[in-house]
Amino acid sequence: NTSQAYAKAYFGLLQSDGLTLSPYMGKDSILPFLDYPGTCSFVLCLTSNPSAADFQLQALQGGEKLYERVAKTAVGWAEGQKGEIGLVVGATQSRYLGELRQLTPQTPFLVPGVGAQGGDLQGVLKEGRAKDGYGILVNVSRQILYASIENDFADAAREQAQRLVKEMNPFF
């Protein structure tokens, strides 16, 4: 009931395009969000925070990592649904992006952590894009949001955004 209410509020009333969701309550907590066509529910898979290794990089029985199981399971939940599943993969985890892309070749990735968190933008773009060159949404918030605390904020933020776009252009 709670997930249905949240899904209705965010995708119905507020008409959001996408959300970040935790997979750890299971399929029944995610499915209500997949009832909304034209939306994407990004499931936390492998985050940028340093202590992500506490759980996400742990090996399960048989050697599979928890983040790999989350990726495969979450993508499976979307089969036959109206909405789409994406995966949140932190930019500081770029060494795993290639493996995740092979595991989930058509899945959109939301990649936070470039900029202030130290993520490797070039590594992210090289490893995370789908075969068509897309399938990746790089989120750079802090670097732009905190570009300046002075009256020149708008110009400083624009400059940071333009610099990042220029850095990304060769990859597309």
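Residues numbered from 1 in each chain as written. Predicted model: local features only at pLDDT ≥ 70, side-chain atom pairs only at ≥ 80, totals over all residues. Heavy atoms only, no water.

Undergrad: Hey, could you run me through the pairing of strand β4 (residues 109-112) in this one?
TA: For a regular strand, side-chain orientation follows a simple rule: the groups alternate between the two sheet faces. Both strand β3 (residues 84-89) and β4 contribute to a ladder of two bridges, which runs parallel. By the bridge assignment, leucine 87 is partnered in β4 with phenylalanine 109. As for the winding sense of the linkage, the β-α-β connection from β3 through helix α4 (residues 94-103) to β4 is right-handed. Alignment of β4 against strand β5 (residues 136-139), held across four bridges, turns out to be parallel. Of the residues in β5, the one forming a bridge with valine 111 is valine 138. The handedness of the β4 to β5 crossover, carried by helix α5 (residues 121-128), is right-handed. (Pairing = 2+ DSSP bridges. Helix = DSSP H or I, 4+ residues; strand = E, 2+ residues; numbered from the N terminus. Right-handed = clockwise from strand over helix to strand, strands pointing away.)

Undergrad: Is there a simple way to think about the packing of α4 against α5 in this case?
TA: A packed helix pair is summarised by two numbers, namely the angle formed by the two axes and the spacing between the axes. The contact between α4 and α5 brings their axes to 8 Å, and the two run at 10°. By the criterion of interaxial angle, the relationship of α4 to α5 is roughly parallel. Each of Ser94, Leu97, Gly98 and Arg101 in α4 lies in contact with α5, whose residues at this interface are Gly123, Val124, Glu127 and Gly128. A class-by-class count of the residues in the contact of α4 with α5 yields two nonpolar, four polar and two charged. (Axes fitted to C-alpha atoms, helices over the stretch in contact; angles between N-to-C directions. Parallel < 35°, antiparallel > 145°, perpendicular 65-115°, else oblique. Contact = heavy atoms within 4.5 Å. Nonpolar A, V, L, I, M, F, W, Y, C, P; charged D, E, K, R; others polar.)

Undergrad: Would you mind going over the layout of surface pockets with me for this structure?
TA: Rolled over the atoms, a probe as big as a water molecule pinpoints where empty space is left. Taken as a whole, the largest pocket encloses approximately 220 Å³ of empty space. What lines the largest pocket is a set of 13 residues, among which Ser3, Tyr6, Met25, Ser29 and Phe33 lie closest to the centre. Put simply, the parts of the chain that give the lining of the largest pocket at least two residues each are α1 (2-13), β1 (18-21) and α2 (27-30). Of all the elements, α1 adds the most residues to the lining of the largest pocket, at four residues. Residue composition of the lining of the largest pocket, by class: seven nonpolar, five polar and one charged. (1 Å grid on protein atoms, 1.4 Å probe; cavity = no way out; pocket = protein on both sides within 12 Å on 5 of 7 lines; lining within 4 Å. Points joined across faces, edges and corners; volume = space filled by probe spheres on them.)

Undergrad: How should I be thinking about the packing of α5 against helix α7 (residues 153-168) in this particular structure?
TA: Interhelical geometry of α5 versus α7 gives an angle of 45° and a closest axis separation of 10 Å. Here α5 lies oblique to α7, going by the angle between them. Seen from above, α5 lies across α7 with right-handed handedness. Contacts from Leu121, Gln122 and Leu125 of α5 reach α7 at Leu164, Glu167 and Met168. Looking at side-chain class alone, the contact of α5 with α7 contains four nonpolar, one polar and one charged residues. (Left-handed = near helix turned anticlockwise from the far one by under 90°.)

Function-wise, these values are silent; they only describe arrangement.
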